[in-house]
Protein chains: 2
Amino acid sequence: MTDAATGFALDPRLAADSHGVAELALSSLRLMDDSQYPWLILVPRVAGARELIDLDPAQRRQLGAETDQAARLLRQAFAPFKLNVAALGNVVEQLHVHVIARFRDDPAWPAPVWGRLPVRPYATEHLAERLHRLRAALAG
Amino acid sequence: MTDAATGFALDPRLAADSHGVAELALSSLRLMDDSQYPWLILVPRVAGARELIDLDPAQRRQLGAETDQAARLLRQAFAPFKLNVAALGNVVEQLHVHVIARFRDDPAWPAPVWGRLPVRPYATEHLAERLHRLRAALAG
């Protein structure tokens, strides 16, 4: 759905691969539908943005702050061994930042998660529980 | 070598895998020794930092600014199709940010570069040329 004021529309592949968690000041915070890792993405609602350096300075600072907020959220909710933070966009060009909680016993460790293993979507109840937990941590 | 004032020492694996380009205000800017991609890393000279969210707010903003500076440098010097920016640290825990110029005809495209293909170190002359080009673009 295109926002009338900004012309921004979430890329349909990102929409299909993830679930909305919350709308932050600049970005949509979404949970990737892969139950193998607690994996968030941030999508700044800026039409046409493709690279971090396409953002204006205020947007860039805000995205940095929201990236850190997502990282702290994952740390608080899941106590990961390591956080992975990345803006890649080789496949889906719409600017999005991955923030992923990694564990030494997760199935891709120590490799990056992208393209490593087939996606394992959440079961309905697991998804509801995870979204609830993330939203509660965000509010708390 | 450990800095006497800060206690910071570059991780020996990062030192072995990369070449110094410049010392920025917070970070060492280094070229990864893989000639398959123009690939920079930024290593903030902050002892013990492991995650972006370990930095204090001023350091975090500065690292964001230096990351963008490295991205603009690669864009200017190499006109890539896409930039990849990532803080992973699953193997080398010392905080470092990758900034990589990607092309649709590079050998890993569209996959991320990590662990994809065996490293191809620069030949001596190619390395000297590349370091010169990066330093000139940084100064210019």
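This text goes with the structure placed above it.
Source: prediction; values computed, not measured.

**Student:** Help me get a handle on the sheet that holds strand β2 (residues 27-32) of chain B, residues and values and all.
**Tutor:** One open sheet accounts for 10 strands, arranged β1(A)-β2(A)-β3(A)-β5(A)-β4(A)-β4(B)-β5(B)-β3(B)-β2(B)-β1(B); its pairing is antiparallel. Each of the sheet's edge strands pairs with one partner strand only, and the pair in question is β1 (18-23) of chain A together with β1 (18-23) of chain B. Taking the axes of each pair of neighbouring strands and ignoring which way they run, one obtains an average angle of 25° across the sheet. Note that strand β4 (residues 82-87) of chain B and strand β5 (residues 97-102) of chain B share 5 bridges and pair antiparallel. The residue bridging Val85(B) from the neighbouring strand is Val99(B), located in β5(B). Against the sheet, helix α3 (residues 124-139) of chain A contacts β1, β2 (27-32) and β3 (39-44) of chain A, and its axis sits at roughly 20° relative to β1(A). Together, β1, β2 and β3 (39-44) of chain B form the strand contacts of helix α3 (residues 124-139) of chain B, whose direction differs from that of β1(B) by roughly 20°.

**Student:** Please provide a residue-by-residue account of the interface of chain A and chain B, values included.
**Tutor:** Of the residues lining the interface, 29 residues belong to chain A; the matching set on chain B comes to 29 residues. Taken together, the two surfaces of chain A and chain B that pack against each other cover about 2800 Å², and 50% of this comes from carbon and sulfur. Looking at the side of chain A facing chain B, the largest losses of area belong to Ile53(A), Lys82(A) and Asn90(A), adding up to 26% of the total buried there. For the pair chain A and chain B, the number of links is 6 salt bridges. Our enumeration of links across chain A and chain B arrives at 22 residue pairs in polar contact (both at pLDDT 80 or more). Counting residues per element, the ones that place at least two in the side of chain A that touches chain B are α2 (57-78) and β4 (82-87) of chain A. Tallied by class, the residues present in the side of chain A that touches chain B amount to 15 nonpolar, 4 polar and 10 charged. In terms of strand pairing, β4(A) meets β4(B) through 3 bridges, oriented antiparallel. Each residue of the ladder has a partner; that of Ala86(A), found in β4(B), is Ala86(B).

**Student:** Just give me the short version of the pattern of salt bridges, but keep the residues and values in it.
**Tutor:** In the structure shown here, the tally under the stated rule is 16 salt bridges over all chains. Ionic pairing is found between Arg60(B) and Asp68(A), a salt bridge with its closest N-O pair at 2.9 Å. In this pair, Arg60(B) sits in helix α2 (residues 57-78) while Asp68(A) sits in helix α2, so the two residues belong to two different chains. Under the relative-accessibility criterion, Arg60(B) is labelled buried at 14%. Note that Glu129(B) is salt-bridged to Arg133(B), the shortest N-O span being 3.6 Å. Linking Glu129(B) with Arg133(B), this pair stays in helix α3, spanning 4 residues, or about one helical turn. Assessed through its relative accessible area of 32%, Arg133(B) is described here as partly exposed.

About the thresholds
- Residues numbered from 1 in each chain as written.
- Chains lettered and ligands numbered in written order.
- Predicted model: local features only at pLDDT ≥ 70, side-chain atom pairs only at ≥ 80, totals over all residues.
- Heavy atoms only, no water.
- Pairing = 2+ DSSP bridges.
- Helix = DSSP H or I, 4+ residues; strand = E, 2+ residues; numbered from the N terminus.
- Axes fitted to C-alpha atoms, helices over the stretch in contact; angles between N-to-C directions.
- Contact = heavy atoms within 4.5 Å.
- Buried area = accessible area lost by both parts, 1.4 Å probe.
- Salt bridge = Lys/Arg side-chain N within 4 Å of Asp/Glu carboxyl O.
- Polar contact = N/O pair within 3.5 Å; in protein donor to acceptor, adjacent residues only side chain to side chain.
- Nonpolar A, V, L, I, M, F, W, Y, C, P; charged D, E, K, R; others polar.
- Buried < 20%, exposed > 50% of the residue type's maximum accessible area, 1.4 Å probe, protein only.

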